[in-house]
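So you can see what is in the structure, the chains are spelled out below.
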Protein chains: 2
Amino acid sequence: MGRPNKGQLPDAPGPAIILARPQLGENIGMVARAMLNCGLGDLRLVAPRDGWPNPKAERAASGADSVLAAARVFDTVAEAAADLERLLATTARDRDLVQRVLSPRRAAADLRSWAEAGQSCGVLFGAERNGLKNDELMLADALLTFPLNPAFSSLNLSQAVLLVAYEWSQAGIETPDERLVVNISKPATKTELDEFLARLEGELDAAGFFRVPEKRATMARNIRALFARAAPTAQEVSTLHGVVSELIGKRKRGKA
Amino acid sequence: MGRPNKGQLPDAPGPAIILARPQLGENIGMVARAMLNCGLGDLRLVAPRDGWPNPKAERAASGADSVLAAARVFDTVAEAAADLERLLATTARDRDLVQRVLSPRRAAADLRSWAEAGQSCGVLFGAERNGLKNDELMLADALLTFPLNPAFSSLNLSQAVLLVAYEWSQAGIETPDERLVVNISKPATKTELDEFLARLEGELDAAGFFRVPEKRATMARNIRALFARAAPTAQEVSTLHGVVSELIGKRKRGKA
């Protein structure tokens, strides 16, 4: 997905991401990368199995070095979360706890509203194999589960962090869901498009394309719908004129 | 995130995930895992660098063996997408193409409505370093970009697939707000559209349309983008063939 670019820590770090007893350096590195992809910068590690720093994490971070360099290491989850006012804990399965359970999207909305109220927030992720202990879950204000394929719900650690970080980032931006990249040219006006379509119909009439008179209107309408759906730019309408000119122009030259 | 559980292929495979020239087996394995997490089962590999099957992919799949076992290998993107009626292509940056650009969320909504209309769909992902070639992007009905941290937008391949697959799965939980009305005719397959475009280019070549050789590739690409954006039905492609035939046929008759 393109060449890694140098990534600085974001101005506002966003919710803390806390990894409890992570095992694989590769996963820690990919977590850092996913965080920075989504504008998060506060990584906290609880008793990483292979110590810290970890060269495998650095390789897997693919340029998110700033997040790794700023990461802090703690002995327990309680210490890692000590300064936070709001904590969500991720869990793969329902527990024997009477607790709110949020989807990532709903969790992101809650995190946004807490952050806007000036509260410090974090999300806690268990180790690759064993997840979180019950007394760690008890520290959380609510649980977060991923509504995925019930027959195969085991998410990679960095994938779980990405989904939470992604939903956080989407909840905060107003990117239009769809846009048309128009680098070169303005959209054609309706007049420009209509002139082209009228010309095309005229040429097709002249060529005997509309053999069945009763079907002429329907066929012409279908051709118009096709080009209208493409929403051509002014430049493209000009190109289309050129296409038609060449196709018939060669005929005229052939004739002459 | 809990112990991997044995994952069977989902009953409905969902949109195809096409990886163009993937390099790392680990990424292919993590793609398979992310797909099955989100209920997708149709993985297509275009010229995987290290051959296929790949033991590293199997290790990284963490139980998503069913997806790897069902994966199909192709030589080119065009072959991998040949049977699809709708194709989205992911890209990390804007291109000089006039093309719809969708967020993952909007893309998921479109994929859902296409699938509900019985259309075969796929999403195309470029290689880790180099992304997709322009002529591969041209096969797509629309582009998909990830609205992430502009200072660090390079997503790991499996993370990119996860975000698309996750949005697809989330979009299925609720009824879509909007459906695409598809009457009478099925969308053209990529092969049908490509055959038409190749024919049109051939006729334009013969007519001397591409006067400036250096501009030929760009001009041909722009024409392709225009027709791809219109997402013609099979019936419309047939009409377009008729239009071209008449325009040049008249020339040929004129000549005779």
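Bear in mind the structure is a predicted one, so any value in this text is a computation, not a measurement.

Caption draft 1: Inspection of helix α9 (residues 216–230) of chain B at higher detail. All names here are of chain B. Compared with an ideal rise of 1.5 Å per residue, which puts 15 residues at 21 Å, α9 spans 22 Å between its outermost C-alpha atoms and is within 8% of the ideal. Residues Ala220, Ile223, Arg224, Ala225, Leu226, Phe227, Ala228, Arg229 and Ala230 constitute the buried set of α9. Within two residues after α9, Ala231 carries a phi angle of roughly 45°, on the positive side.

Caption draft 2: Highlighting the pattern of salt bridges. Here the structure, examined in full by the defined rule, presents 29 salt bridges over all chains. Arg21 of chain A is the partner of Glu136 of chain A in a salt bridge, and the nearest nitrogen-oxygen pair spans 2.8 Å. Here Glu136 of chain A, found in helix α6 (residues 134–137), pairs with Arg21 of chain A, found in the loop between β1 (16–20) and α1 (25–37); they are 115 residues apart in sequence, far enough to count as distant. Among the residues examined, Glu136 of chain A registers a relative accessible area of 8% and is labelled buried. The partly exposed category is assigned to Arg21 of chain A, whose relative accessible area is 23%. Arg106 of chain B is paired through a salt bridge with Asp110 of chain B; the nearest N and O atoms lie 3.0 Å apart. Pair noted here: Arg106 of chain B and Asp110 of chain B are both in helix α5 (residues 104–116), with a separation of four residues, about one helical turn. Classification of Arg106 of chain B by relative accessible area gives partly exposed; the value is 23%. Exposure remark for Asp110 of chain B: the relative accessible area of 8% places this residue in the buried category.

Caption draft 3: Examining the sheet that holds strand β2 (residues 43–46) of chain A more closely. Residue and element names in this part refer to chain A. The sheet built from seven strands is open, its strands ordered β3-β2-β1-β6-β4-β7-β5 with parallel pairing. At either end of the open sheet lies a strand with only one pairing partner, and these are β3 (72–74) and β5 (101–102). With three bridges connecting them, strand β4 (residues 86–90) and strand β7 (residues 142–144) associate as parallel partners. Among the inter-strand pairings, Thr90 is bridged to a residue of β7, identified as Leu144.

Caption draft 4: Representation of α1 of chain A within the structure. Residue and element names in this part refer to chain A. The end-to-end C-alpha distance of α1, which contains 13 residues, comes to 18 Å, matching closely the 18 Å that a straight helix rising 1.5 Å per residue would cover. Looking at α1, one finds that the buried residues are Gly25, Asn27, Ile28, Gly29, Met30, Val31, Ala32, Arg33, Ala34, Met35, Leu36 and Asn37. Just past α1, the residue Gly39 takes up positive phi, approximately 80°.

Caption draft 5: Structural context of the interface of chain A and chain B. Across the contact, 86 residues belong to chain A and 89 residues belong to chain B. When the two sides are added together, the surface that chain A and chain B hide from each other amounts to roughly 7900 Å², 57% of it contributed by carbon and sulfur. One can count five salt bridges joining chain A with chain B. Glu167 of chain A is the salt-bridge partner of Arg105 of chain B, the closest N and O atoms lying 3.0 Å from each other. Our enumeration of links across chain A and chain B arrives at 22 residue pairs in polar contact (both at pLDDT 80 or more). The set of elements that each furnish at least two residues to the side of chain A that touches chain B consists of α1, α5 (104–116), α7 (157–172), β8 (178–181), α8 (190–207), α9 (216–230) and α10 (234–255) of chain A. Tallying contributions element by element places α10 of chain A first for the side of chain A that touches chain B, with 14 residues. Of the residues in the side of chain A that touches chain B, the class split is 43 nonpolar, 24 polar and 19 charged.

Caption draft 6: Spatial organisation of the confidence of the model for chain A. Residues and elements named next belong to chain A. Averaged over chain A, the pLDDT score is 86; the fraction of residues at 70 or greater is 88%. Predicted confidence for residues 1–5 stays below pLDDT 50, and this span has 23 contacts to residues more than four positions away or in other chains. Overall fold confidence (pTM) sits at 0.80, and the ipTM for the predicted complex is 0.78.

Caption draft 7: Geometry of the packing of aromatic side chains. According to the stated counting rule, one finds five aromatic pairs over all chains in the structure shown. Ring geometry for Phe209 of chain A versus Phe210 of chain A: centroids 5.1 Å apart, planes at 80°, classification edge-to-face. Here Phe209 of chain A falls in the buried class, since its relative accessible area comes to 8%. Three or more aromatic residues link up through ring pairs in this structure, and these residues are Phe196 and Phe227 of chain A together with Phe196 and Phe227 of chain B. Over the ring of Phe210 of chain A we find Arg216 of chain A, and its NZ or CZ is 4.8 Å from the ring centre. Stacked on the ring of Trp168 of chain B, the Lys or Arg Arg112 of chain B has its end atom at 3.7 Å from the ring centre.

Caption draft 8: Fine view of unusual backbone geometry. Trp52 of chain A connects to Pro53 of chain A through a cis peptide bond whose omega is 0°. Here Pro53 of chain A lies in the loop between β2 and α2 (55–60). Phi is positive for Ala47 of chain B, close to 45°, though the residue is something other than glycine. A positive phi angle, close to 45°, is found at Ala231 of chain B, a residue other than glycine. Structurally, Ala231 of chain B can be placed in the loop between α9 and α10 (234–255).

Caption draft 9: Geometry of the environment of Cys38 of chain B. On the secondary structure map, Cys38 of chain B appears in the loop between α1 (25–37) and β2 (43–46). Each C-alpha atom of the pair Cys38 of chain B and Thr233 of chain B lies 30 Å from the other, and the pair is 195 residues apart in sequence. In contact with Cys38 of chain B, other than residues within four places in its own chain, are Leu148 and Asn149 of chain A together with Leu162, Ala165, Tyr166, Trp168 and Ser169 of chain B.

Caption draft 10: Representation of the environment of Arg211 of chain A. Mapped onto the fold, Arg211 of chain A is located in the loop between α8 and α9. Between the alpha carbons of Arg211 of chain A and Glu167 of chain A there is a distance of 56 Å; along the sequence they are 44 residues apart. In this structure the side chain of Arg211 of chain A is engaged in a polar contact, spanning 2.6 Å, whose partner is the side chain of Glu246 of chain B.

Caption draft 11: Quick look at the pairing of strand β6 (residues 121–125) of chain B. Residue and element names in this part refer to chain B. By the criterion of burial, β6 is predominantly enclosed, with five of the five residues buried. Along β6, one buried face is formed by Cys121, Val123 and Phe125 and the opposite face, lined by Gly122 and Leu124, is buried too. Here strand β4 (residues 86–90) runs beside β6; their pairing, made up of four bridges, is parallel. Each bridged residue has a counterpart across the sheet, and for Arg86 the counterpart in β6 is Cys121.

Cut-offs applied
Residues numbered from 1 in each chain as written. Chains lettered and ligands numbered in written order. Predicted model: local features only at pLDDT ≥ 70, side-chain atom pairs only at ≥ 80, totals over all residues. Heavy atoms only, no water. Helix = DSSP H or I, 4+ residues; strand = E, 2+ residues; numbered from the N terminus. Expected span 1.5 Å × (residues − 1). Buried < 20%, exposed > 50% of the residue type's maximum accessible area, 1.4 Å probe, protein only. Salt bridge = Lys/Arg side-chain N within 4 Å of Asp/Glu carboxyl O. Pairing = 2+ DSSP bridges. Contact = heavy atoms within 4.5 Å. Buried area = accessible area lost by both parts, 1.4 Å probe. Polar contact = N/O pair within 3.5 Å; in protein donor to acceptor, adjacent residues only side chain to side chain. Nonpolar A, V, L, I, M, F, W, Y, C, P; charged D, E, K, R; others polar. pLDDT = per-residue confidence, 0-100. Phe/Tyr/Trp six-rings, centres within 6.5 Å; stacked < 30°, edge-to-face > 60°. Lys NZ or Arg CZ within 6 Å of the ring centre and 35° of its normal.

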